[in-house]
Amino acid sequence: MIHSLFLINHTGDIFLEKHWKSVIGRSVCDYFFEAREKAVEPENVPPVLQTPHHYLISIYRGKLFFLSVIQTEVPPLFVIEFLHRVADTIQDYFGECSEGVIKDNVVTVYELLEEMLDNGFPLATESNVLKEMIRPPTILRSVVNTLTGASNVGDTLPTGQLSNVPWRRVGVKYTNNEAYFDVIEEIDAILDKSGTTVFAEIQGVIEACVRLTGMPDLTLSFMNPRLLDDVSFHPCVRFKRWESERVLSFIPPDGNFTLMNYHVSSQNLVAIPVYVKQSISFFETGPCGRLDITIGPKQTMGKTVEGLMVTIHMPKAVLSANLTATQGTYTYDLATKVLVWDIGKLNPQKLPNLKGSLTTQAGTPKPEDNPSLNIDLKIQQLAISGLKVSRLDMYGEKYKPFKGVKYLTKAGKFQVRT
Amino acid sequence: MFVASVIIVFCLFLSAEKEAKTNYQMLDSNKDSLKLEAMKRIVAMIARGKNASDLFPAVVKNVACKNIEVKKLVYVYLVRYAEEQQDLALLSISTFQRGLKDPNQLIRASALRVLSSIRVTIIVPIMMLAIKEAASDMSPYVRKTAAHAIPKLYSLDPEQKDQLIEVIEKLLADKTTLVAGSVVMAFEEVCPERIDLIHKNYRKLCNLLIDVEEWGQVVIINMLTRYARTQFLNPNMNVNEDEDEDEEEKEKKAETPAMAKRKPYVMDPDHRLLLRNTKPLLQSRNAAVVMAVAQLYFHLAPKAEVGVIAKALVRLLRSHSEVQYVVLQNVATMTIKRRGMFEPYLKSFYIRSTDPTQIKVLKLEVLTNLANETNISTILREFQTYIKSMDKDFVAATIQAIGRCATNIGEVRDTCLNGLVQLLSNRDELVVAESVVVIKKLLQMQPEKHSDIIKHMAKLTDNIQVPMARASILWLIGEYCEHVPKIAPDVLRKMAKSFTNEEDIVKLQIINLAAKLYLTNSKQTKLLTQYVLNLAKYDQNYDIRDRARFIRQLIVPTEKSGALSKYAKKLFLALKPAPVLESPFKDRDHFQLGSLSHLLNAKAGGYQELPDWPEAAPDPSVRNVEVKDSVRAVGTVTYRDTGALWDLQGPKKLEGSEKSDSASGSESGSGSEESYMLLFHANVYQPSLYNWALVSMTLHLVLCLQTIAPSSALKNYELLHRITGEGLSVEYCFSRQPFSPDANMVAVQMQFTNNATADTKNLHIEDVKLQSGMRVKEFSEIELLPAGETATAVMGIDFCDSTQAANFQLCTHTRKFFVSIQPPVGELMRPVFLTENEFKKEQGQLMGMNEITEKLTLDMKCRNEHTIVQRVTTAANLSRVPCGSDKECRFAGRTVSSSSLVLVTVATKEEGAAQLTVNCEKMVIGTMLVKDILLALTQ
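Residues numbered from 1 in each chain as written. Chains lettered and ligands numbered in written order. Predicted model: local features only at pLDDT ≥ 70, side-chain atom pairs only at ≥ 80, totals over all residues. Heavy atoms only, no water.

J.: So what about the overall build of chain B? Which residues, and what values?
T.: The secondary structure content of chain B amounts to 37 helices and 15 strands. By residue count, 55% of the 939 residues in chain B fall in the buried class. The contacts of chain B with a sequence gap of at least 6 include a subset with a gap of at least 24, amounting to 66%. Carbon and sulfur atoms make up 53% of the accessible area of chain B, which totals about 42,200 Å². (Helix = DSSP H or I, 4+ residues; strand = E, 2+ residues; numbered from the N terminus. Buried < 20%, exposed > 50% of the residue type's maximum accessible area, 1.4 Å probe, protein only. Contact = heavy atoms within 4.5 Å. Areas by Shrake-Rupley, 256 points an atom, 1.4 Å probe, with all protein chains shown as cover.)

Right, here's the structure in full:
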């Protein structure tokens, strides 16, 4: 299946390689570099490339390319999903997935890769199992290790793989037993020029942080589960119970994990929290244009909109922007032609406004395309779909855990066309 | 300068030398911390792709090191360099051989893993032996490692294939989820053609699937897709494959005579099993699993059921862009065959300005495939906003898409054409050029109506510079020169002037235009043509020179010119068929979807063709297994597919069902559930020849079921009287058999009798009114019930353990009848098998409020044990529990929806006095059950 893996940074240096079968020379990456050159933007490199003897499947994460070499037929998604799992694991271990971090922990990363695949077929991808075999570094441990020469490798052999619940190890103990759930919803929307919704849906995710002793069996139920249009689960969730009773019943992994993803798509259910009045125009005569944007609250369910930010990818011809913002600050990056207006909290009494002129390159015809606005926002203590967790029950253990649910709404891919 | 650099190089060399030395020394030291430090340095070198092979002897010595991390790093090193240093690598083998005998399963597994990763041919026999031994290891984890080792050995020495297949066969029979995925992976790499090995394990694999780890699921599902294609019949064989929804009426007409000839299609229960057990995996978090299930449904499911995958695939579009890329490619292929499936999700394919170009283009492809008469206006409006995008490649693709919509949907052709013509005045040349190319294709469909557009385009030749566009315009003018007789020669004049500066494709089209004009209007253009041909004669490009010579010979009559010149006009001005603008994804579905080959549209190495459906189904009995190989071995705890909360405590319930299996002696399905399904099918379909086997099995099973639940003749209830039903009468009974599509439902068997003189058609259920929580699984529509005939069907109702009625309408093609089904409390349970001790233990836990006791005097006729048992089991669907005392009869069951235990005891005393005790967690059920049983025993 997966033959080799190369990690490549944005300048095209291969800084880590791992082979699970016999060694394949680095020259195979030349085909990739060629495609990378052609694509201009790194996002546009085709994820699957065909070379005379191999197939190259790559992902782009955190300014790094994870390039795998394949020799025979294998579902491309299988490889892509695995590569993302590798990146997730690195992030999980070291807090971020970047060239610097990987170079600093090169031995640990190499050991991880060794455990994750056997002969190119995934062996242990559960972070719980991996952490039993190779302990993630902590500051204290690395100090102790340098002094005593102790190792990061677990001295007990991993048992997680042997159990029927491979995502949880046995013998977990905490003095404070707690289970927290974050319901995070993102609004994906496309609004047209006049502000009407072209398309809107809500993508939700329930992130859990469970620190409970022993083998608890949890049941999470909702007030209004019928709202959920489509769901996907962490492997710990029992399908049958969801199908018959619409409750989430599971033995949780230890620590942080994503319990479920869901989707609410019915258009009329999707509340759009802000409206945007905008006009961006360029004049036929003279090298200039005008920009005027106002943002106001729409359906906020009585909550405050925070972290409001507008990002605009300007046409290439726009040289500079001379604007005044009634609230927040704006920056215009000349190289990438990105205008960012960081507003912060939305005050319904005094609506934020950004107004002024744009200078375009003299001599070029007026840019004909109007850029679209990408909106970022956050609303605390609200799940915009109205989803509510009604209760969390625990079976199988005697103690009483602390329980908590937090809601958060964010803008996902929220775009206003002009 | 030179000297300095030499010194620097030398110093570097020295320090490298020194480092290597220290590594050596550190490895030789007896301090673990130094060894570890050295090994870390070496592994870091390997990771960076530097050569560290010269340290091999020093490293191998440490293979027996006590420190676990050193040992692990040594393994890493060994696996990497063993191939290059075969002789030295052999030194380490004995360590692993010792490891293989270790009492700790994890050490055995890791020894096998490293041993099999050492690519040294000499140890092949040792590996073979180790794999064989590990394949029968006690520990499933070691067996899993053995499965992983198989492809490694196979790639090292393909001659071991036959022996390895034996091991695979053995491991395929393994009943643990841990092994299943890995062994199927080995099967796919070593012997994918040996489909016969799967037969016996098919049902087990289907049943285990949900509990297998995600990567294994992908491999198993892909393999089972291929398997199903060889073993089952095409579920759509009575439906024309390539029709669309609007042709359904036609299809119906065509079907009626066809149906008469063909045998009615009956889906193999095993086929159904696969579809049913893979469906929940659409909810997986792993995109590869979702895609695998989606392709399985696309390739195997009946047309009506494929739709379920659309939602899951659309969900994946939120994922990483690489995932989107692959999913969209597959969706594009699917939309060509089954457009209706994705139509509701049209808007999910709308494009954002922040999408990468390759995603934009794929989404555009999908949108174009989805376009039809009803949604075309929305799509075109959407396309209009795309044309304004900054991403010019994307704009070009949009214009192409508009062209395709216009050719496919006649109604909007003029609108599209007008829109495209407007784009001709766009400032961006690329946009104009692309529009010209597309307009050219559209005009070809009906040129006579659009001569003004051709004129407009002729004007463009002055400005537009993109060669492809210029060539297209020239071709158009040449082709339709008769529609623009005045302009064409003028264009040629201008072109002749600029001929030398044009690109090659434009030059070819100028020659072409000249030739066509010469043939239609030689008076005006003779000289111009001569001029152009002369210029071309001395062109640098030989294609152009050849073309010029060829055309001159063909059109200018000379003595030497052959017979062909007579036909020149016919040759050049023949009516050309309009181009068909096709999706590049057409017919890609002959590759298995989701595969690498499908993505590349070319066969990748090791790709297994997806076979065509067989004409006649191969013998289904090959999948039958002996009873002792029942699905789940005792002790294998299932997790995800069970609803019960306390599964982990032990498979009590399963044990029960297994005992019942073994009671039946030999049995058809691999688990009881499958057999029940056979029964269900046999009930619904009339037995054709093919069904005979099933029926005989069913009979057998009914017998065995009766041993558990000695239910006497089932009581029939009336649902619809003959008179109110205008000739249609319906009776129902609670068949007391598990309802296979959903274990939480009570099976209701309905018998329809048509007493009228006319046929009744389309019997089905509508407008179900239920109390909250209740659910109904309708029976599949009965298309035709001829006069005087009887038909049966089974539907499932989840009463939520209450005796609330389920109300619904029973519809025929002409009438609707309001009916309702109210269950007696005794039908809300299913029998379970308990031993006397288990009964007592459970009863002990259900005391107090959960126990109801009632004194009674038995009916005169009902004073022997046999009658008591008969009456109780008639009143309630319970099974008898063996009992030591002859004064007591005990019965046990569980409620169907919530699986609460129901325990009944009847203790007899002197002179017909008796005491009835019911223990049930659900008090309401308990109280009602007491009433019912009391009634049954006293009357």
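J.: For the nonpolar core, give the residues involved together with the corresponding values.
T.: Ranked by size, the top nonpolar core spans 339 residues in total, and within it Phe66(A) and Phe181(A) carry the most contacts. With 12 residues, the single largest contributor to this core is helix α15 (residues 287–300) of chain B. Apart from the residues lying within four places of it in its own chain, the contact partners of Phe181(A) are Ile206(A), Glu207(A), Ala208(A), Val210(A), Leu218(A), Leu220(A), Phe250(A), Leu259(A), Leu392(A), Gly404(A), Val405(A) and Lys406(A). Of all hydrophobic cores here, the second largest spans 55 residues; its members include Leu728(B), Phe752(B), Ala806(B) and Cys920(B). (Core = buried A, V, L, I, M, F, W, Y, C linked by side-chain atoms within 4.5 Å.)

J.: Lay out the sheet that holds strand β20 (residues 353–360) of chain A in plain terms, naming residues and giving numbers.
T.: Residues and elements named next belong to chain A. Within the open sheet, the 4 strands sit side by side as β14-β15-β20-β17. Their pairing is antiparallel. Two strands lie at the open edges of the sheet, namely β14 (274–282) and β17 (318–325), each paired on one side alone. Pairwise comparison of adjacent strand axes, ignoring direction, gives a mean angle of 15° for this sheet. Bridge count for β17 against β20 is 7 bridges, and the pairing is antiparallel. Bridge assignment links Val-318 to a residue of β20, and that residue is Thr-360. (Pairing = 2+ DSSP bridges. Axes fitted to C-alpha atoms, helices over the stretch in contact; angles between N-to-C directions.)

J.: Lay out the side chain of Asn207(B) in plain terms, naming residues and giving numbers.
T.: All names here are of chain B. Here Asn-207 shows up in helix α11 (residues 202–208). We classify Asn-207 as buried; its relative accessible area is 8%. A polar side-chain atom of Asn-207 sits 3.2 Å from a polar atom in the side chain of Asn-277. (Polar contact = N/O pair within 3.5 Å; in protein donor to acceptor, adjacent residues only side chain to side chain.)

J.: Please give an account of the pattern of salt bridges that cites residues and values.
T.: Enumeration according to the criterion identifies 54 salt bridges over all chains in this entry. A salt bridge links Arg775(B) to Asp798(B); the nearest nitrogen and oxygen atoms lie 3.0 Å apart. Placement of the pair is Arg775(B) in strand β5 (residues 775–777) and Asp798(B) in strand β7 (residues 790–798), with a sequence separation of 23 residues. Among the ionic contacts, a cluster of salt bridges with common partners joins Lys18(A), Glu114(A), Glu115(A), Asp118(A), Lys72(B), Arg113(B) and Lys152(B). (Salt bridge = Lys/Arg side-chain N within 4 Å of Asp/Glu carboxyl O.)

J.: Kindly report on the environment of Lys131(A), identifying the contributing residues and their values.
T.: Residue and element names in this part refer to chain A. Mapped onto the fold, Lys-131 is located in helix α5 (residues 127–133). Given the relative accessible area of 29%, Lys-131 is considered partly exposed. Taking the C-alpha atoms as reference points, Lys-131 and Glu-96, 35 residues apart in sequence, are found 16 Å from one another. With near-sequence residues (within four places) excluded, Lys-131 lies in contact with Asp-92, Tyr-93 and Pro-136. A polar side-chain atom of Lys-131 sits 3.1 Å from a polar atom in the side chain of Asp-92.

J.: Tell me about the environment of Ser127(A), and please be specific about residues and values.
T.: One can find Ser127(A) in helix α5. Sequence separation between Ser127(A) and Phe15(A) is 112 residues; the distance between their C-alpha atoms is 24 Å.

J.: Can you explain the domain arrangement of chain B? Please cite residues and give values.
T.: How large an interface is tends to be reported as the accessible area lost when its parts come together. By the assigned domains, chain B splits into domain 1 (36–229), domain 2 (716–823) and domain 3 (827–938). Using C-alpha coordinates to define each centre, domain 1 of chain B is positioned 56 Å away from domain 2 of chain B. (Domains from an automatic or database assignment.)

J.: Describe the domain arrangement of chain A, and please don't skip the residues or the numbers.
T.: All names here are of chain A. Partitioning chain A into structural domains gives domain 1 (2–148), domain 2 (178–270 + 384–416) and domain 3 (274–380). Inter-centroid distance (C-alpha atoms) of domain 2 to domain 3 is 33 Å. Listed per partner, the contact involves 11 residues of domain 2 and 15 residues of domain 3. In total, about 1,200 Å² of surface goes out of reach between domain 2 and domain 3, with carbon and sulfur atoms giving 52% of it. Applying the counting rule to domain 2 against domain 3 returns 0 salt bridges. Seen at the junction of domain 2 and domain 3, the total is 5 residue pairs in polar contact (both at pLDDT 80 or more). Classifying every residue of the side of domain 2 that touches domain 3 gives 6 nonpolar, 3 polar and 2 charged. (Buried area = accessible area lost by both parts, 1.4 Å probe. Nonpolar A, V, L, I, M, F, W, Y, C, P; charged D, E, K, R; others polar.)

J.: Before we move on, could you go through the packing of helix α36 (residues 865–875) of chain B against helix α37 (residues 923–938) of chain B and cite the residues and values that matter?
T.: All names here are of chain B. Across the interface, α36 lies against α37 with an axial gap of 9 Å and an inter-helix angle of 140°. Considered as vectors, α36 and α37 are oriented oblique to each other. Helix-helix and strand crossings are classified by hand; for α36 and α37 the assignment is right-handed. From α36, Ile-868, Arg-871, Val-872 and Ala-875 reach across to α37, where they touch Ile-933, Ala-936 and Leu-937. Residues of the contact of α36 with α37, tallied by class, amount to 6 nonpolar, no polar and 1 charged. (Parallel < 35°, antiparallel > 145°, perpendicular 65-115°, else oblique. Left-handed = near helix turned anticlockwise from the far one by under 90°.)

J.: Explain the interface of chain A and chain B to me, using residue names and the numbers behind them.
T.: Of the residues lining the interface, 106 residues belong to chain A; the matching set on chain B comes to 100 residues. At the boundary of chain A with chain B, total buried surface from both sides reaches about 9,200 Å², with 57% on carbon and sulfur atoms. If you sort the residues of chain A by the area they bury against chain B, Glu73(A), Leu77(A) and Phe239(A) come out on top, with a joint share of 8%. Counting every contact that joins chain A to chain B gives 12 salt bridges.

J.: Go over the pairing of strand β8 (residues 806–811) of chain B, please, and point to the residues and values.
T.: Residues and elements named next belong to chain B. With respect to burial, β8 is a largely interior element, 5 of its 6 residues being buried. By the bridge criterion, 4 bridges tie strand β4 (residues 760–769) to β8 in an arrangement that is antiparallel. Paired with Glu-766 across the two strands is Gln-809, which belongs to β8. Strand direction decides the pairing type here: β8 and strand β9 (residues 816–821), joined by 6 bridges, are antiparallel. Its bridge partner being in β9, Phe-808 is matched across the sheet by Val-819.

J.: Run through unusual backbone geometry, naming residues and quoting values.
T.: We note that Asn119(A) has phi near 55°; this positive angle belongs to a residue other than glycine. Examined against the element boundaries, Asn119(A) turns out to sit in the loop between β6 (117–118) and β7 (121–122). Even without glycine at this site, Asn762(B) takes up a positive phi of about 50°. A residue is classified by how much of its surface remains accessible, and Asn762(B), at 28% relative accessible area, is partly exposed.

J.: Account for helix α24 (residues 451–460) of chain B, with residues named and values stated.
T.: Residues and elements named next belong to chain B. Listed in full, the buried residues belonging to α24 are Ser-451, Ile-453, Ile-454, Met-457, Ala-458 and Leu-460. Seen along its axis, α24 keeps its buried residues to an arc of 155°; they face one direction. Turned more than 90 degrees from where α24 packs its buried face, Asp-452 and Lys-459 sit exposed. At its buried positions, α24 is contacted by α22 (413–423), α23 (429–443), α25 (467–479) and α26 (487–498). (Arc of directions from axis to C-beta.)

J.: Describe a negative patch on the surface, listing the residues and the values that go with them.
T.: All names here are of chain B. Taken together, the side chains of Glu-503, Asp-504, Asp-543 and Asp-546 define an acidic patch exposed on the protein surface. Its location among the elements puts Asp-504 in helix α27 (residues 504–520). Of the residues examined, Asp-504 reaches a relative accessible area of 32% and is grouped as partly exposed. (Patch = residues over 30% accessible without salt bridge, like charges linked within 9 Å, V, L, I, M, F, W, Y side chains within 5 Å. Lys, Arg positive; Asp, Glu negative; His and termini not counted. Charge placed at Lys NZ, Arg CZ, Asp CG, Glu CD.)

J.: Help me get a handle on the confidence of the model for chain B, residues and values and all.
T.: Residues and elements named next belong to chain B. Overall, the prediction assigns chain B a mean pLDDT of 79, with 85% of residues at 70 or greater. Averaged pLDDT values over the elements of chain B bottom out at 36 in helix α32 (residues 652–663) and peak at 94 in α15. Here residues 241–261 scores under 50 on pLDDT; set against residues more than four positions off or in separate chains, the count is 12 contacts. For this predicted complex, the interface confidence reaches an ipTM of 0.90, while the overall pTM sits at 0.72. (pLDDT = per-residue confidence, 0-100.)

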